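# Fold and geometry: a report
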Amino acid sequence: MQSQSLRRWQFALALALVSPAALAASDVSRAAVDTIWLATCAGLVFLMQAGFALLEGGMARSKNAVNVLMKNYLDVCVGGLIFWLVGFGLMFGVNSSGWIGTSHFAPNSGPDWDWTFLFFQMMFAATATTIASGAMAERIHFNAYLVGACVISGLIYPVFGSWAWGGHGGGEGWLKAMGFVDFAGSTVVHSIGGWCALAGIIVLGPRLGRFGPNGESRPIPGHNLSLVALGGFILWFGWVGFNGGSTLAAEVGIGKILVNTHLGACAGAVGSALFSVMLSRPVLLTATVNASIGGLVSITAGCATMEPSHAVLTGIIAGAITSVIPILMAKMRWDDVVDAISVHGFCGVWGTLAAGLFYSGDLFNPRRLAVQAIGILAAFVWGFGVALLSYLLIARTIGIRSDGLHEQRGLDFTEHAELGYPEFQQMQTFNPDGLHR
Amino acid sequence: MEFEQKKLAIEQGLTPFLGGEPLANALRLWEAKYSRGHTFALTGFISELGDGAALAAPPAKVLQSLFRALNNPPASLPAHRDRAASTTEAQGSPGHAIHTCTLLVDTMIDRLPPDKGEEIRRYMLDHLERLPQPTPVLNAIRAWLGQRRTIVLPIPETALTRLVNLAYVGLCEYVGPIKADRVLHEAVLIVETANAGSGFPVRRLL
């Protein structure tokens, strides 16, 4: 009797739900739920900036801590303004050619959803921009860095983004039209950021003494590993919004995306630790944190289109990449302070390939793999090429490299006249009287 | 002859050829290296002054002037109060800055194994052109780095800061940046203690 009554109620509810009025109400609530989900995810992606700041700040020496934090803080601000001004239009404006967006510049009016979408994408642009910060830490002029950040957020990132994701305002990016799979930006966000970082460190050169006269690598440990670990956790947490929000809607499929994301990070860290154990090396905290982020970067492209077992495999290989690439980088005498290029650039490449290899229901499709490879190559040529030209131009005009005296004193003192730890900074490498303003 | 009288005589002997800061530096050099030596050691003193390009006059003439001053009766020497006044004036002067700078760099280098120290000196000699200074000044610095000769020429404080930094960069290259920071820090503390009361704070050179 009770079950009959329940069935009647369910039928009545179903009728009510399919009635036009109920449908309209459902659409409104659906849009509201999507907005809430995306706005929340945007907040989580914004929190990743704090993660980057802590991770990079902790990996730098204490005399450069404020400089690293300031770069992270201000590139969000400058990048946010530039992305609103031109980046969003270039990336998501009407893209009839497939190469570049041509509308939605400095938007002041539009449908409600556009604002949510813009806010979310603004956070993505900030992420791409800030990746270069850590790699170039401890020897770049602050102003030069900010100019570079403007170029990344206003040109390099949005133009490539228009190829892979463009079409929000109409039209379609050429890579997107080819079937390029990069769900949340292994290539679009992370590899692009990584290639910009590579260009930056080549133009800058290594920090003083990072490599000995005979080319031997000298590690320069960061000043606070607790910050590194905390930064790693916050980045991981923020990735829930990064990948989960890339559905651009509150969908039931988000759970699997988040499981894959988490598995990728776990597998990355474990993969790196196993790699170290196999080579009889110590399992370092910095390497482990970087490997988990490498796992997150690599799973970002295919987290919506691959099975969890493949997510684990993707993460493990990313962990190995974050262990091997820094060694090769050191052999090239390229000084990447936080290993951003291996974590974001190379893990982004692997993740994009993995998204093609492990595409659910269409595994190892060579055509798909070829499209993925084209996207990866296009990202490198565009991202690295334009960044290299930009940094060379910056070096020629306003100067990019801090001189030896600045490196001795620390950029906190020379660029900001502020110390990260005024009560505890014991090393006398600068004249503290210079701080009295 | 008493030490103070001897010093006043050297000053009197050098006055026709040197004045101001170069004279003060020359006296400091004499005091540090030649004051306890025999009179004939003055030839070495004059030769060192010539290498530092402080003296343009012929060495024989300077030597003659010094001998004459040393043989004069004490009454003809400059008054003590004048001397005291000039010493007070020299406190915190470029001469003190040079002394502090060389002491700091020497202390940094001395804290390394001898072979590394030599590498740093060589590095500094090879990269001295980074200091935008006139040739005589660079020669004086070369003589100090290569032959441990005292610098008697005036050098601006900014150039001295650059000189300390050159040593720091050399340290970074040869022993790494972490050790370079530590060596510089320790050397600053040592010089601060040794130089207390000189009137020139070593940190001004950082």
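Residues numbered from 1 in each chain as written. Chains lettered and ligands numbered in written order. Predicted model: local features only at pLDDT ≥ 70, side-chain atom pairs only at ≥ 80, totals over all residues.

### What to know about the overall build of chain B
Scanning chain B from N- to C-terminus turns up 10 helices and zero strands. In chain B, the order of α-helices and β-strands from amino to carboxyl end is α-α-α-α-α-α-α-α-α-α. The buried share of chain B, taken over its 206 residues, is 38%. Considering only contacts in chain B between residues 6 or more positions apart, those separated by 24 or more positions represent 70%. (Helix = DSSP H or I, 4+ residues; strand = E, 2+ residues; numbered from the N terminus. Buried ≥ 20, exposed ≤ 12 C-beta atoms within 10 Å, placed from the backbone. Contact = placed C-beta atoms within 7 Å.)

### Points about the overall build of chain A
Within chain A one finds 15 helices and zero strands. Over its C-alpha atoms chain A spans a radius of gyration of 23 Å, differing by no more than 12% from the 22 Å that the globule rule assigns to 437 residues. By its C-alpha atoms, chain A is 85 × 55 × 45 Å across when sized along the principal axes. Counting over 437 residues, chain A shows a buried share of 54%. Of the contacts formed within chain A by residues at least 6 apart in sequence, a portion of 78% connects residues at least 24 apart. (Rg over C-alpha atoms; globule rule 2.2 N^0.38 Å.)

### Looking at the confidence of the model for chain B
All names here are of chain B. Chain-level pLDDT for chain B is 82 on average; 86% of the residues reach the 70-or-more range. Looking across chain B, the model is least confident in helix α5 (residues 80-90), with a mean pLDDT of 40, and most confident in helix α9 (residues 157-175), with 95. Interface predicted TM-score (ipTM) for the complex: 0.86; the corresponding pTM is 0.82. (pLDDT = per-residue confidence, 0-100.)

### Re the domain arrangement of chain B
All names here are of chain B. Domain boundaries in chain B define domain 1 (3-90) and domain 2 (94-205). Each side of the interface is counted separately: domain 1 has 15 residues, and domain 2 has 14 residues. Of all the secondary-structure elements, those providing two or more residues to the side of domain 1 that touches domain 2 are α2 (20-34) and α3 (42-51). For the side of domain 1 that touches domain 2, the element with the most residues is α2, which contributes eight residues. The residue makeup of the side of domain 1 that touches domain 2, split by class, is nine nonpolar, two polar and four charged. (Domains from an automatic or database assignment. Nonpolar A, V, L, I, M, F, W, Y, C, P; charged D, E, K, R; others polar.)

### Structural notes on the interface of chain B and chain A
Contact with chain B, which involves 19 residues of that partner, is made by 17 residues of chain A. Elements supplying a minimum of two residues to the side of chain B that touches chain A: α9 and α10 (177-194) of chain B. The biggest single contributor to the side of chain B that touches chain A is α10 of chain B, with eight residues. Of the residues that constitute the side of chain B that touches chain A, the class distribution is 11 nonpolar, three polar and five charged.

### A few points about the packing of helix α9 (residues 254-278) of chain A against helix α11 (residues 308-331) of chain A
All names here are of chain A. Orientation of α9 relative to α11, taken along the N-to-C sense of each, is 40 degrees, at an axis distance of 6 Å. Taken together, the axes of α9 and α11 lie oblique to each other. As α9 packs across α11, the resulting crossing turns out to be right-handed. For the contact of α9 with α11, a count of residues per class yields 15 nonpolar, 11 polar and no charged. (Axes fitted to C-alpha atoms, helices over the stretch in contact; angles between N-to-C directions. Parallel < 35°, antiparallel > 145°, perpendicular 65-115°, else oblique. Left-handed = near helix turned anticlockwise from the far one by under 90°.)

### Describing the environment of R333 of chain A
Residue and element names in this part refer to chain A. Checked against the element boundaries, R333 lands in the loop between α11 and α12 (340-357). Sequence separation of R333 and F211 is 122 residues, and the distance between their C-alpha atoms is 6.9 Å. Apart from the residues lying within four places of it in its own chain, the contact partners of R333 are P206, F211 and G215.

### A few points about the environment of D75 of chain A
Residue and element names in this part refer to chain A. Among the secondary structure elements, D75 is positioned in helix α3 (residues 65-92). With 100 residues separating them in the primary sequence, D75 and L175 have C-alpha atoms 28 Å apart. When neighbours within four sequence positions are excluded, D75 is seen to be in contact with A126, T129, T130, S133, L146 and A149.

### Considerations on the nonpolar core
Taken as a class, soluble globular proteins show a tendency for nonpolar side chains to be buried jointly. Counting 120 residues, the largest nonpolar core has I156, I192 and A197 of chain A as the members making the most contacts within it. Of all the elements, α3 of chain A adds the most residues to this core, at 14 residues. Ignoring anything within four residues of it in the chain, the contact list for I192 of chain A reads A128, I156, Y157, F160, T187, A379 and G383 of chain A. With 63 residues, the next largest nonpolar core counts L27, L42, V164 and A187 of chain B among its residues. (Core = buried A, V, L, I, M, F, W, Y, C linked by C-beta atoms within 7 Å.)

### Here's the deal with the packing of helix α4 (residues 112-135) of chain A against helix α7 (residues 186-204) of chain A
Residue and element names in this part refer to chain A. At their nearest, the axes of α4 and α7 sit 8 Å apart, and the two run at 30 degrees to each other. Handedness of the α4/α7 crossing: right-handed. Within the contact between the two elements, α4 uses F124, T127, A128, I131, A132 and A135 and α7 uses V189, H190, I192, G193, G194, C196, A197, G200 and I201.

### Focus on the environment of H416 of chain A
Residue and element names in this part refer to chain A. Considering the arrangement of structural elements, one finds H416 in helix α15 (residues 411-416). C-beta crowding within 10 Å serves as the criterion here: with 16 such atoms nearby, H416 is assigned to the partly exposed category. Sequence separation between H416 and G166 is 250 residues; the distance between their C-alpha atoms is 39 Å.

### Points about unusual backbone geometry
Where the residue is not glycine, phi is negative for most of them; where a peptide bond is considered, it is trans in most cases. Residues and elements named next belong to chain A. Positive phi outside glycine occurs at H104, with the angle close to 65 degrees. Here the phi dihedral of E138 falls at roughly 75 degrees; this positive angle occurs in a residue that is not glycine. Following the sequence through the fold, E138 ends up in the loop between α4 and α5 (142-164).

### Description of helix α4 (residues 59-71) of chain B
Residues and elements named next belong to chain B. Taking 1.5 Å as the rise per residue, α4 with 13 residues should run 18 Å; its terminal C-alpha atoms sit 18 Å apart, in good agreement. Those residues of α4 that fall on the buried side of the exposure criterion are V62, L66 and A69. Taken end-on, α4 shows its buried residues confined to a sector of 65 degrees, consistent with a single buried face. Turned more than 90 degrees from where α4 packs its buried face, A60, Q64, R68 and N71 sit exposed. (Expected span 1.5 Å × (residues − 1). Arc of directions from axis to C-beta.)

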